[in-house]
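Okay, here's what each chain looks like letter by letter:
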Amino acid sequence: MPWMIKCEVWGGVTGYRTAPLKKNGVEVVYPTEEAADQEAAALRNEANRNPYRVANFWYEPVKV
C-alpha cells in the first residue's frame, strides 16, 4: 500500500494549513511506511532546526 507525507504548518501569519508533500507540483508517493517515515523525520528536523522560526512545521506519513 502506498504512503504519502502530510505537511502541516501553523503559527506566524500563516494560520493553520495542511497539504500532501509535493515536489515540482507532483504529490510524492512512497512504497512503504518506513520510507515515508524516514523522509518525514528528515523534513521535521530540517524545518524545525531554527529556534527563532515564527511558524511550526510537522510532517507525518499517511496511507494513500
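Everything below is about the structure shown above.
## Considering the pairing of strand 1 (residues 3-11)
Part 1 of the argument: With 9 bridges joining them, strand 1 and strand 5 (residues 55-63) adopt antiparallel strand pairing. Residue V9 lies in a different strand from strand 5, and its bridge partner there is F57.
Part 2 of the argument: Strand direction decides the pairing type here: strand 1 and strand 2 (residues 16-20), joined by 5 bridges, are antiparallel. Across the sheet, residue V9 finds its bridge partner in strand 2, namely R17.

## A look at the packing of aromatic side chains
Part 1 of the argument: For the structure on display, the rule yields 0 aromatic pairs.
Part 2 of the argument: Over the ring of W58 we find R44; its NZ or CZ atom is 4.5 Å from the centre of that ring.

## Description of the environment of E46
Part 1 of the argument: With respect to the helices, strands and loops of the structure, E46 is situated in helix 1 (residues 33-47).
Part 2 of the argument: Measuring from C-alpha to C-alpha, the distance between E46 and F57 comes to 9.7 Å, with 11 residues separating the pair along the chain.

About the criteria used
Residues numbered from 1 in each chain as written. Predicted model: local features only at pLDDT ≥ 70, side-chain atom pairs only at ≥ 80, totals over all residues. Heavy atoms only, no water. Pairing = 2+ DSSP bridges. Helix = DSSP H or I, 4+ residues; strand = E, 2+ residues; numbered from the N terminus. Phe/Tyr/Trp six-rings, centres within 6.5 Å; stacked < 30°, edge-to-face > 60°. Lys NZ or Arg CZ within 6 Å of the ring centre and 35° of its normal.

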